[in-house]
Amino acid sequence: MRDYHLHELSTQEFEALVVHICQKVLGIGTINFSEGPDGGKDGKFEGTSNQYPSAASPWSGKFIIQAKKKNNPNASCSDADFRTQVLDKEIPKIKKLKQNGEIDNYLILTNRKLTAGAEQEHKDYLKEKLGLSNIAICGVEVITTWLDANP
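Residues numbered from 1 in each chain as written. Predicted model: local features only at pLDDT ≥ 70, side-chain atom pairs only at ≥ 80, totals over all residues. Heavy atoms only, no water.

> Help me get a handle on the overall build of the protein, residues and values and all.
When helices and strands are tallied, the protein shows four helices and five strands. Here the C-alpha atoms of the protein give a radius of gyration of 14 Å, agreeing with the 15 Å that 2.2 N^0.38 yields for 151 residues. Dimensions of the protein along its principal axes, counting C-alpha atoms only, are 40 × 35 × 30 Å. Within the structure as shown, the protein displays about 7,800 Å² of accessible surface, and the carbon and sulfur contribution to it stands at 48%. Taken as two groups, the 19 positive and 20 negative side-chain charges of the protein have centres that lie 4 Å from each other. (Helix = DSSP H or I, 4+ residues; strand = E, 2+ residues; numbered from the N terminus. Rg over C-alpha atoms; globule rule 2.2 N^0.38 Å. Areas by Shrake-Rupley, 256 points an atom, 1.4 Å probe, with all protein chains shown as cover. Lys, Arg positive; Asp, Glu negative; His and termini not counted. Charge placed at Lys NZ, Arg CZ, Asp CG, Glu CD.)

> Give a detailed account of the side chain of H122, specifying residues and quantitative values.
Positionally, H122 belongs in helix α3 (residues 116-130). The class for H122 is buried, based on a relative accessible area of 4%. (Buried < 20%, exposed > 50% of the residue type's maximum accessible area, 1.4 Å probe, protein only.)

> If you had to explain the nonpolar core to someone new, which residues and values would you point to?
Grouped together as the largest cluster of nonpolar side chains are 22 residues, with contacts concentrated most on I21, L26, Y52, L107 and L109. Listed by contribution, the elements that provide at least two residues to this core are α1 (11-25), β3 (60-68), β4 (105-110), β5 (134-138) and α4 (140-149). The residues touching L26, leaving out its near neighbours within four places in the chain, are F45, T48, S49, N50, Y52, F63, I65 and L107. Membership of the second largest hydrophobic core comes to 19 residues, among which are I64, L87, I103 and I137. (Core = buried A, V, L, I, M, F, W, Y, C linked by side-chain atoms within 4.5 Å. Contact = heavy atoms within 4.5 Å.)

> Hey, could you go over the packing of aromatic side chains for me, with residue numbers and the actual values?
Taken as a whole and judged by the stated rule, the model has three aromatic pairs. On the numbers, 5.4 Å between centres and 65° between planes, the contact of F45 with F63 is edge-to-face. One end of the pair, F45, is in strand β2 (residues 43-48); the other, F63, is in strand β3, and 18 residues separate them in sequence. Judged by relative accessible area, F45 falls into the buried class, the value being 8%. Residue classification places F63 among the buried residues on the basis of a relative accessible area of 1%. Taken together, a centroid distance of 5.3 Å and an interplanar angle of 85° make the contact between Y52 and W59 edge-to-face. Each member of the pair Y52 and W59 is classed as buried. (Phe/Tyr/Trp six-rings, centres within 6.5 Å; stacked < 30°, edge-to-face > 60°.)

> So, the pattern of salt bridges: which residues are in play, and what are the values?
In total, this model carries seven salt bridges according to the counting rule given. The shortest N-O distance in the salt bridge between K41 and E102 comes to 3.1 Å. Taken together, the residues K41 in the loop between β1 (31-32) and β2 and E102 in the loop between α2 (80-99) and β4 connect sequence positions 61 residues apart. Residue K41 is classed as buried on the basis of its relative accessible area of 16%. Across the pair R83 and E121 runs a salt bridge, and its minimum N-O distance is 3.4 Å. (Salt bridge = Lys/Arg side-chain N within 4 Å of Asp/Glu carboxyl O.)

> An account of the pairing of β3 is requested, with residue identities and associated values reported.
Relative to β3, β2 runs antiparallel, the two being bridged by six bridges. Its bridge partner lying in β3, G43 is registered against I65. For β3 and β4, the ladder comprises six bridges, and the chain directions are parallel. Counterpart to I64 in the pairing with β4 is Y106. With α2 bridging β3 and its parallel neighbour β4, the resulting β-α-β unit is right-handed. (Pairing = 2+ DSSP bridges. Right-handed = clockwise from strand over helix to strand, strands pointing away.)

Now the structure itself:
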């Protein structure tokens, strides 16, 4: 796998990259927002995804997309600050979006490393806190795979 040095991107560049990936994976209707308070969303998509989580069984509905970038190339979703500084800070925002009927599917894309154990632990935690069934956390490994497949 190629190292794209995602940690060197600015926050805005990383968010734009995430939206471009989601336009391919979810659909061209994926939109992003200008810089500023995001209310828990860096992008959104509404409809049936092109191929996420698979082309055979795509999710549909209202998608909220969060891009979470860390400047440290060795950062991991297993680090304690991922839960306290990322997930726990997003939960109230996502709860509000849910109350307003603005979310069915929640995607977090991060340049942090993500192990299978941490992925499941964080998804279970968010499902319990948010009451959403469709939650995905995509680490640097997934982003790199998507970039390799779509140069």
